[in-house]
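Now for the letters of each chain:
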Amino acid sequence: MAIVVIAVARYLFTNTSENLQARGMSAGFDFLTSSAGFSIAWSVLPYTAGDSYFHVYLVGIGNTLMVALVAILCTTLLGFFVGIMRLSKNWLISQIAAWYVEILRNTPLLLQILFWFLAVFSLLPRPNKSLSFLDLFFLNNRGLYMPAPVPGEGFNVTLIAVLVAIAATYALAVWARKRHFATGQRFPAFWTGLGVLFGLPLLVFLVTGSPLSFDYAALKGFNFQGGASVPPAFCALLLALVIYHSAYMAEAVRAGIMSVSHGQTEAAYSLGLRPGMTLRLVIIPQAMRAVVPPMISNWMNVVKNSSLAIAIGYPDLVAVYMQTSLNQSGHAIEIVAMVMLFYMSVSLSISFALNYYNKIVQLKER
């Protein structure tokens, strides 16, 4: 079998090399250091038209990860909320959640992306009539404008405090769990951890002189100047990804909760636990064993489906690298391989992380 695979790989490599030479096309990754020579409408990372193709690759990755990570977080939260709503004893709430799931997951994602972009964000008012929230956030047909943080000298200390607070919160949760198993006594790890997570960085921030200011967006002429902004394509793509995949996430959560024996709920009630605590401490931890496997696929699909952004002009990796850069440089094989490598790496990372978590929450025989 190995000999067949090697032979096929050798044939493909030889055939590709001969075809490239016949068409006068070069192969290799030397083009990565060449100047791209085109501009990108919006990017998370700093970019100028004179930057290299490799920098374009990094910009595309940054734009893709930006929308994908926010979408994954919002998809998970909204999916859990809708999934629990579907199991509500209130007929109206459960029916609203059911219709939400059935309509949205049976509508093509591309159609939803186009709907949000063309029928919602493109029809928003012009900048001089922007929708305003607290005079800090402004939404119009050119995007969402918001205050931009400007770190001052010494702000790195606050960032270090954030990392320390995260580590301390995790250690506190592990200690509280072991203490609970050993003594049967509960420690308020959630609220204590929340206090450490926000209190420590805030204390350090205040002690160091509050080294952070904000640059506020303001209407000057025909558009807003200053602050931070995201284009309408980003908003439309984010909303479509969250709404579409949260419907699948809701079904996974509903199935996971229903897989837990109803006797667990009755036992929790008999111990005096309230419905909210029963759901958080008894039902959800057991349901996660059934929720995590489909959640892995859902998260990976969020990242991969973000490539549909090319339909509305959002400058993700596919748009700026596998389309514009490929058309200019002609290095199709190298560019497609690099894009495939990125998506494969992200998918494998998600799979590894969630499989590790799934292994932790699985039942273990003594």
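Structure: above.
Residues numbered from 1 in each chain as written. Predicted model: local features only at pLDDT ≥ 70, side-chain atom pairs only at ≥ 80, totals over all residues. Heavy atoms only, no water.

Trainee: Is there a simple way to explain the overall build of the protein in this structure?
Mentor: A tally of helices and strands in the protein yields eleven helices and eight strands. Per-residue burial over the protein gives 36% buried out of 366 residues. Of the contacts made within the protein by residues no fewer than 6 positions apart, 67% connect residues no fewer than 24 positions apart. Carbon together with sulfur atoms contributes 68% to the accessible area of the protein, which is approximately 21700 Å² in total. Considering the protein, the positive charge centre built from 21 side chains and the negative charge centre built from 12 side chains are found 14 Å apart. (Helix = DSSP H or I, 4+ residues; strand = E, 2+ residues; numbered from the N terminus. Buried < 20%, exposed > 50% of the residue type's maximum accessible area, 1.4 Å probe, protein only. Contact = heavy atoms within 4.5 Å. Areas by Shrake-Rupley, 256 points an atom, 1.4 Å probe, with all protein chains shown as cover. Lys, Arg positive; Asp, Glu negative; His and termini not counted. Charge placed at Lys NZ, Arg CZ, Asp CG, Glu CD.)

Trainee: What should I look at first to understand the nonpolar core in this one?
Mentor: Side chains of a nonpolar character, in soluble globular proteins, are inclined to be buried together. Judged by nonpolar contacts, the single largest core of 67 residues is most densely connected at Val56, Leu237, Tyr314, Leu317, Tyr321 and Ile350. The set of elements that each furnish at least two residues to this core consists of helix 2 (53-86), helix 4 (109-120), helix 7 (232-258), helix 9 (275-305), helix 10 (317-329) and helix 11 (332-361). If near-sequence neighbours (up to four positions away) are discounted, tyrosine 314 is found in contact with Trp42, Asn63, Val67, Ala233, Phe234, Leu237, Ala309 and Ala319. If you look at the next biggest cluster of nonpolar residues, it comprises five residues, including Val82, Met85, Val101 and Ala250. (Core = buried A, V, L, I, M, F, W, Y, C linked by side-chain atoms within 4.5 Å.)

Trainee: Would you mind going over the sheet that holds strand 2 (residues 137-140) with me for this structure?
Mentor: Taking strand neighbours across the sheet as the criterion, the four strands line up as 1-2-3-8 in an open arrangement whose pairing is antiparallel. The open sheet has two edge strands with one neighbour each: strand 1 (131-133) and strand 8 (228-230). Adjacent strand axes in the sheet meet at a mean angle of 15 degrees when their direction is disregarded. (Pairing = 2+ DSSP bridges. Axes fitted to C-alpha atoms, helices over the stretch in contact; angles between N-to-C directions.)

Trainee: I would appreciate a short explanation of unusual backbone geometry in the present structure.
Mentor: Leaving glycine out, the prevailing phi sign among residues is negative, and the prevailing peptide bond configuration is trans. The phi angle at leucine 134 is positive, at roughly 60 degrees, despite the residue not being glycine. On the secondary structure map, leucine 134 appears in the loop between strand 1 and strand 2. On the basis of relative accessible area, leucine 134 is assigned to the exposed category, the value being 62%. Backbone geometry places aspartate 135, a non-glycine residue, at a positive phi of 60 degrees. Mapped onto the elements of the fold, aspartate 135 is located in the loop between strand 1 and strand 2. Of the residues examined, aspartate 135 reaches a relative accessible area of 62% and is grouped as exposed.

Trainee: Teacher, can you tell me more about the pattern of salt bridges here?
Mentor: A side chain with one charge can pair with a side chain of the opposite charge if their charged atoms come near. Taken as a whole, this structure holds three salt bridges when the rule is applied. Residues arginine 105 and glutamate 102 are paired through a salt bridge, measuring 3.5 Å at the closest nitrogen-oxygen approach. Among the charged side chains, a network of salt bridges with common partners joins Arg86, Glu251 and Arg254. (Salt bridge = Lys/Arg side-chain N within 4 Å of Asp/Glu carboxyl O.)

Trainee: Can you help me understand the packing of aromatic side chains in this one?
Mentor: Here a ring pair, both rings aromatic, is described through the centre-centre distance and the interplanar angle of the planes. Counted according to the given criterion, the structure contains ten aromatic pairs. Look at phenylalanine 115 and tryptophan 116: their rings are 5.6 Å apart centre to centre, the planes differ by 75 degrees, and that puts the pair in the edge-to-face class. Between phenylalanine 133 and phenylalanine 137 the ring centres are 6.4 Å apart and the planes differ by 45 degrees, which places this aromatic pair in the tilted class. For phenylalanine 133, a relative accessible area of 53% gives the class exposed. Accessibility expressed as a relative area gives 32% for phenylalanine 137, which makes it partly exposed. Among the aromatic residues, ring-to-ring pairing joins Trp42, Phe234 and Tyr314 into one connected group. (Phe/Tyr/Trp six-rings, centres within 6.5 Å; stacked < 30°, edge-to-face > 60°.)

Trainee: Mind showing me how you'd approach a nonpolar patch on the surface here?
Mentor: A cluster of nonpolar side chains, contributed by Val44, Leu45, Phe54, Leu58, Met66 and Val70, occupies part of the molecular surface with about 430 Å² of accessible area. For leucine 45, the location among the structural elements is in the loop between helix 1 (2-22) and helix 2. On the accessibility criterion, leucine 45 (33% relative accessible area) is partly exposed. (Patch = residues over 30% accessible without salt bridge, like charges linked within 9 Å, V, L, I, M, F, W, Y side chains within 5 Å.)

Trainee: What is the right way to look at the environment of serine 307 in this model?
Mentor: Here serine 307 lies in the loop between helix 9 and helix 10. Sequence separation between serine 307 and alanine 68 is 239 residues; the distance between their C-alpha atoms is 9.9 Å. Setting aside its immediate chain neighbours within four residues, serine 307 contacts Asp316, Val318 and Tyr343.

Trainee: Hey, could you run me through helix 6 (residues 189-207) in this one?
Mentor: Compared with an ideal rise of 1.5 Å per residue, which puts 19 residues at 27 Å, helix 6 spans 26 Å between its outermost C-alpha atoms and is within 8% of the ideal. Ala189, Gly193, Pro201, Val204 and Phe205 are the residues of helix 6 that are buried. Close packing links the buried residues of helix 6 with helix 5 (155-183) and strand 5 (212-215). Immediately beyond the C-terminal end of helix 6, within one or two residues, lies glycine 209, with a positive phi of roughly 90 degrees. (Expected span 1.5 Å × (residues − 1).)

Trainee: Explain the state of the cysteines here, please?
Mentor: Between two cysteines, a covalent bond joining their sulfur atoms is known as a disulfide. In total, this model carries zero disulfides according to the counting rule given. Between cysteine 74, a free cysteine, and cysteine 235, which holds the nearest cysteine sulfur, the sulfur-to-sulfur gap is 12 Å. By relative accessible area, cysteine 235 is classed as buried at 11%. (Disulfide = S-S within 2.5 Å.)

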